[in-house]
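Letter by letter, the chains look like this.
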Amino acid sequence: MQLTETEGALQQKVGHSSEKAKFTEKRFLTILVFVTSLFLCWGVAITMGDVLNKHFQNTLSLSRSQSAFVQFAIFGAYFVMGIPAGLFMKRFGYKNGVLLGLSLFALGAFLFVPAANTASFTFFGIALFILGCGLSTLETVAHPFVAALGDQRTSDQRINFAQSFNALGAIVGPAIGSYFLFKNHVPGSTDLSSVKLLYIIIGSVIAAIAICFAFVKVPTLTDPHAEVIADEEAVNVDAAPGKTLFQHTHFVWAVAAQFFNVAAQAGTWAFFINYGEEVMGFPEAKAAKYMMLFMAMMLSGRFIGTFLMRVIKPSSLLAAFAAANILMCIIIAQGLGWPSFIALLALNFFFSIMFPTIFSLGLKNLGSHTQQGSSFLSMGVVGGALFPFLMGKLADNIGVAHSYYLPIICYLVIFLFGFKFYKVKH
């Protein structure tokens, strides 16, 4: 019997879905490298905020809860910019979305110069907010961009691989920040020239990347949101075309999980140096150096997690890592010295896969809603704007160690998502 053209195409796609999916295609390699580098850039910027948090406590005489405004400005920008970034990407494409993000990133960095000149924490907040808008745009664009650079069945692996370089940036960030901000800092000094120099360099590097990216030719991409693949595990397959975005319950749970995930991240990272000083008795420069090891734990977790996903379902690995972090938080909160500090380092290992895995699981089977879904998942990052205030209040009143009880709530929500509520309902 002769097949119709539609039936033949469908059979070809079914046959394709039964083959082992490749990580990516040769024609996407150059652009994959470039987009992956963006993950490194915002990893540097995010963790630089944690070093700034402690530096502003010293130079501007802020309490821990007041200095948490650094995280509020950065992560609050994610909430504001998430939907506009998604709409911009949908209208003008991935490349222009990246260029917008890099431009805002560079502008925010350069605004640190007048902020340092006036020694105004409010001005710093404005600069951090604009910089955060750039980071939000890059995250909103880069995740679906990476997902589109190859077979959608391997998007979990690609996103986790790209996020591994975000973890590398998270190691570089504290190293650069501690070198510029703590190395020659004199106790009691209110000099902000080191902050100004640091962000002039960052702004210049990001501006140069934007100029280079403007000349990169992006290969023609098949719109993954319209693509039909006979594989229910594939990202972007519209398994239920009649549903609105928020009728996809796995997506709603993913947004909630991402909110609490970034909340735990922001609080944990913001007061890592404080924990080193208060519980371990480290000088702040030494505590900042341990933060490099802290971020190295996340880097190793990303690479190991990406490998484990070849044999363990991403959702199951997510649930297991969330359960491990609940245990780590209990140990950290006891303030037992080195056992608790080792648990704090391990916390970032188990945290490693959470952001990209939640993002990828949340995008599955959204079909034409994928770009809008990416925006809302990026907006979930607003949890990082709120949680450091709560942890800061606890740290000011009952000690930084006991404040680590709070992230247990976050990891419980993530565990429930990975254990049960990640499932796509048709």
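Computed from a predicted model, the values in this text were never measured in an experiment.

Quick notes on the packing of helix 2 (residues 29-59) against helix 9 (residues 249-270)
When two helices pack together, their arrangement is captured by the angle between the axes and the distance separating the axes.
Next up, step 1: At a minimum axis distance of 9 Å, the contact between helix 2 and helix 9 shows a crossing angle of 45°. As far as their axial angle goes, helix 9 and helix 2 are oblique. For the element pair helix 2 and helix 9, the recorded crossing hand is right-handed. Mapping the contact onto sequence places Ile46, Thr47, Asp50 and Asn53 in helix 2 and Gln265, Trp269 and Ala270 in helix 9.
Next up, step 2: Grouping the constituent residues of the contact of helix 2 with helix 9 by class yields 3 nonpolar, 3 polar and 1 charged.

Structural notes on the packing of helix 14 (residues 354-363) against helix 17 (residues 407-421)
Next up, step 1: Relative orientation of the contacting elements helix 14 and helix 17 amounts to 40°, with a least axis distance of 12 Å. One element, helix 14, and the other, helix 17, form an angle in the oblique class. Crossing of helix 14 against helix 17: the hand is left-handed. In this structure, helix 14 uses Met354, Ile358 and Leu361 to contact helix 17, whose residues at the interface are Tyr411, Ile414 and Phe417.
Next up, step 2: Classifying every residue of the contact of helix 14 with helix 17 gives 6 nonpolar, no polar and no charged.

Looking at empty space enclosed by the protein
Next up, step 1: Within this structure, the stated rule accounts for 2 cavities of 30 Å³ or more.
Next up, step 2: Quantified by volume, the largest cavity comes out at close to 140 Å³.
Next up, step 3: In this structure, the largest cavity is lined by 17 residues; those nearest its centre are Trp42, Glu139, Asn166, Gln265 and Phe355.
Next up, step 4: Those elements giving two or more residues to the lining of the largest cavity turn out to be helix 2, helix 4 (69-110), helix 7 (155-181), helix 9 and helix 11 (284-308).
Next up, step 5: Of the residues assigned to the lining of the largest cavity, the class counts are 11 nonpolar, 4 polar and 2 charged.
Next up, step 6: Every residue along the wall of the second largest cavity is listed here: Gln265, Thr268, Trp269, Phe294, Leu347, Asn348, Phe351 and Tyr411.
Next up, step 7: Tallied by class, the residues present in the lining of the second largest cavity amount to 5 nonpolar, 3 polar and no charged.

A short note on a positive patch on the surface
Next up, step 1: Positive charge collects at one region of the surface, where Lys313, Lys420, Lys423 and Lys425 lie side by side.
Next up, step 2: The residue lysine 420 is located in helix 17 in this model.

Here we look at the environment of isoleucine 159
Next up, step 1: For isoleucine 159, the position within the fold is in helix 7.
Next up, step 2: Taking the C-alpha atoms as reference points, isoleucine 159 and phenylalanine 355, 196 residues apart in sequence, are found 9.7 Å from one another.
Next up, step 3: Non-local contacts of isoleucine 159, meaning those with residues more than four positions away in its chain, are made with His143, Val146, Ala147, Pro356 and Ser360.

Comments concerning unusual backbone geometry
When glycine is set aside, most residues are seen to have a negative phi, and most peptide bonds are trans.
Next up, step 1: You will see that alanine 119, though not glycine, has its phi angle at about 55°, which is positive.
Next up, step 2: One can find alanine 119 in the loop between helix 5 (112-118) and helix 6 (121-148).

Brief notes about the confidence of the model for the protein
Next up, step 1: Across the protein, pLDDT averages 82, with 87% of residues at or above 70.
Next up, step 2: Contacts from residues 1-18, a stretch scored under 50 in pLDDT, to residues over four places away or in other chains number 11 contacts.
Next up, step 3: Long-range and interchain partners of residues 223-232, a stretch whose pLDDT sits below 50, account for 23 contacts in this model, where long-range means more than four residues apart.

What counts as what
- Residues numbered from 1 in each chain as written.
- Predicted model: local features only at pLDDT ≥ 70, side-chain atom pairs only at ≥ 80, totals over all residues.
- Heavy atoms only, no water.
- Axes fitted to C-alpha atoms, helices over the stretch in contact; angles between N-to-C directions.
- Helix = DSSP H or I, 4+ residues; strand = E, 2+ residues; numbered from the N terminus.
- Parallel < 35°, antiparallel > 145°, perpendicular 65-115°, else oblique.
- Left-handed = near helix turned anticlockwise from the far one by under 90°.
- Contact = heavy atoms within 4.5 Å.
- Nonpolar A, V, L, I, M, F, W, Y, C, P; charged D, E, K, R; others polar.
- 1 Å grid on protein atoms, 1.4 Å probe; cavity = no way out; pocket = protein on both sides within 12 Å on 5 of 7 lines; lining within 4 Å.
- Points joined across faces, edges and corners; volume = space filled by probe spheres on them.
- Patch = residues over 30% accessible without salt bridge, like charges linked within 9 Å, V, L, I, M, F, W, Y side chains within 5 Å.
- Areas by Shrake-Rupley, 256 points an atom, 1.4 Å probe, with all protein chains shown as cover.
- Salt bridge = Lys/Arg side-chain N within 4 Å of Asp/Glu carboxyl O.
- Lys, Arg positive; Asp, Glu negative; His and termini not counted.
- Charge placed at Lys NZ, Arg CZ, Asp CG, Glu CD.
- pLDDT = per-residue confidence, 0-100.

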